Amino acid sequence: MATKNMYTFFLRRLHSITGVLPIGAFLAEHFFTNSFAMFGPEVYNSKVEFFMGLPYILMIEIALIWIPILFHGVYGFYIIYTGDASAFRYRFARNWMYVLQRVTGIIAFLFICYHVYATRISGLVTGQHVSFELVQRSLQNPAILAFYILGIVSASYHLGNGLFGFFITWGITIGEKTQKVASVFCVLVSAGLTVFGLAALSYFV
Amino acid sequence: MGDKNIRLKIKRQENAASEPYWEEFVVPYTPGHNIISVLMEIQRNPVNSKGDKTTPVVWECNCLEEICGACTMLINGQVRQACSALVDTIGTDITLEPMSKFPTVRDLHVDRQAMFEALKKVTAWIPIDGTYDMGEGPRMAPKDQEEGYRLAKCMTCGCCMEACPQFNSHSTFLGPSPIAQVRLFNLHPTGAMHRRDRLETLMGEGGIAQCGNAQNCVRMCPKEVPITKTLAELNKDVNRYGILGLLKK
Ligand code: HEM
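Everything numeric here is computed off the predicted structure, so don't read it as measured data.

It is worth spelling out empty space enclosed by the protein at this point. All names here are of chain B. Tallied over the full model, the rule gives 4 cavities of 30 Å³ or more. Space inside the largest cavity adds up to approximately 150 Å³. In terms of lining residues, the largest cavity is bounded by 17 residues, among which Cys-211, Asn-213, Ala-214, Gln-215 and Cys-217 are the most central. Among the secondary structure elements, those contributing two or more residues to the lining of the largest cavity are α8 (216-220) and α9 (227-242). When grouped by side-chain class, the residues that make up the lining of the largest cavity number 10 nonpolar, 7 polar and no charged. Taken as a whole, the second largest cavity holds about 100 Å³ of empty space. Together, 15 residues line the second largest cavity, and Cys-154, Cys-157, Cys-160, Ser-177 and Cys-221 are the ones closest to its centre. Those elements giving two or more residues to the lining of the second largest cavity turn out to be α5 (159-163) and α6 (176-187). Taken together, the residues of the lining of the second largest cavity break down into 11 nonpolar, 3 polar and 1 charged.

What follows is the structure, encoded as structure tokens:
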């Protein structure tokens, strides 16, 4: 047998894992910690101080968040390029979800770029890291608020529907009935995350 | 139905290198037509709807009972077999196009060689030829036979390939049906001797990881081959062999 080029296989599997761990887990954690905003600016700001004061915080962020998202996003764009969406011709729910998985991935990528710049990179440059007031002020701009809502909905759908693919990629949901149960579960995850994320956002406006 | 004519709009192409064009035909309605018999009417009297004499439309067909897959084409935009597409069910306004994912040979006739190349790549057979008689093969559990039979119904028609968003000219993906066939031959006790080779091929370029879970394949398969279930099962096999296998190195 000729030697086979298995890079694609391992990259795709890595893309699949990074979508759930760490990125998916981080998304849920991020919605959770931002929910501290419900207790008001002081509590929220003290939590920000706590996270910013963690040892090796920048290294943790780079290794567990920035690199995985960058990899998943960039390789995600390559995966999108290799596909040919056909949802207008073959109008099945799964086919639409395949298209939406790609659309929400692109939206999430654009949003994350903006969000990381506005709340983290700019802070690294000016030395003035994010606070309740800073987020509140920027959300007074309706365009930014709309972008946040779109970003949260997109990321929530993308993770929920991504889990459906993840369960197949890892050979967990095999039969038709099992996949049907999984698809209901994944819709619930998407809906739950959307509500959870928008609730966290609402404490700032 | 009341309509006296069947109107056809056919995407035609002189040869592999030429540009496609549309030509319309009108065939008198009689009950019981399928797409093949309508095409035969055009063949008998190759005159287009403007009344101009033209070349007969070329297509492929063979079994006429949805068993061979040769007459697969796009009928009103959906991929299916022409023989089982009945005018009385689909209506008298009909658009025919060749499949878009395979090179056109002429008119509705395409070259599906890519599927056969993919089947060769995944060793979709059981190599038993040798220099001596290897004796009887092992018995196979009836449950495995049943599962194998459902996969063996694949007629390589190309419906799943045509509907798959991941199988196209800018992707190396081998396509749903050739990959699903791996399970048929790995399931067989003698075929299983080459199980590792097949799984390694599925880990290679164009392999199973390039599936995008759009699941059009299983929806468009005329033979009800459980493609998505089989691919999920193969995902498990490939992960176990390829990833857990790394620990054995
Ligand atoms: C909020 C951040 C993100 C999360 C939580 C996330 C999560 C996931 C998960 C869990 C999967 C399923 C993996 C699988 O099928 O096995 C996935 C797939 C995918 N993601 Fe993301 N992702 C995120 C951001 C992005 C970005 C920025 C892009 C870039 C455009 C992207 C593009 C894709 C694509 C194209 C797929 C489908 C892959 C395939 O069909 O194999 N994702 N994502």
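Residues and elements named next belong to chain A. Near the ligand lie 24 residues; those nearest to it are Ser-16, His-72, His-158, Gly-162 and Thr-169. The set of elements that each furnish at least two residues to the shell around the ligand consists of α1 (7-34), α3 (57-82), α4 (93-126) and α6 (142-169). With 7 residues, the single largest contributor to the shell around the ligand is α1.

Glancing now at the domain arrangement of chain B. Residue and element names in this part refer to chain B. Domain boundaries in chain B define domain 1 (5-110) and domain 2 (113-248). Taking only C-alpha atoms, the centre of domain 1 and the centre of domain 2 are 31 Å apart. Contact residues are listed per partner, giving 14 residues for domain 1 and 14 residues for domain 2. Here domain 1 meets domain 2 over a buried area of about 1,100 Å², counting both sides, of which 59% is carbon and sulfur. Per-residue buried area on domain 1 facing domain 2 is highest for Val-79, Lys-101 and Phe-102; these three make up 52% of the total on that side. Taken together, domain 1 and domain 2 are joined by 0 salt bridges. Where domain 1 meets domain 2, there are 6 residue pairs in polar contact (both at pLDDT 80 or more). Elements supplying a minimum of two residues to the side of domain 1 that touches domain 2: β3 (72-75) and β4 (78-81). It is β4 that contributes the most residues to the side of domain 1 that touches domain 2, 4 residues altogether. Residues that form the side of domain 1 that touches domain 2 fall into these classes: 6 nonpolar, 5 polar and 3 charged.

This paragraph deals with the pattern of salt bridges. Residue and element names in this part refer to chain B. Evaluation of the coordinates by the stated rule reveals 10 salt bridges over all chains. As a salt-bridge pair, Glu-23 and Arg-12 come within 2.7 Å of each other at their nearest N and O atoms. One end of the pair, Glu-23, is in strand β2 (residues 21-28); the other, Arg-12, is in strand β1 (residues 5-12), with 11 residues separating them in the sequence. Using a relative accessible area of 1% as the deciding quantity, one classes Arg-12 as buried. By sharing partners, the salt bridges in this structure join Arg-12, Glu-23 and Asp-107 into a single network.

Here is what the cut-offs are and how they apply
Residues numbered from 1 in each chain as written. Chains lettered and ligands numbered in written order. Predicted model: local features only at pLDDT ≥ 70, side-chain atom pairs only at ≥ 80, totals over all residues. Heavy atoms only, no water. 1 Å grid on protein atoms, 1.4 Å probe; cavity = no way out; pocket = protein on both sides within 12 Å on 5 of 7 lines; lining within 4 Å. Points joined across faces, edges and corners; volume = space filled by probe spheres on them. Helix = DSSP H or I, 4+ residues; strand = E, 2+ residues; numbered from the N terminus. Nonpolar A, V, L, I, M, F, W, Y, C, P; charged D, E, K, R; others polar. Near = heavy atom within 4 Å. Domains from an automatic or database assignment. Contact = heavy atoms within 4.5 Å. Buried area = accessible area lost by both parts, 1.4 Å probe. Salt bridge = Lys/Arg side-chain N within 4 Å of Asp/Glu carboxyl O. Polar contact = N/O pair within 3.5 Å; in protein donor to acceptor, adjacent residues only side chain to side chain. Buried < 20%, exposed > 50% of the residue type's maximum accessible area, 1.4 Å probe, protein only.

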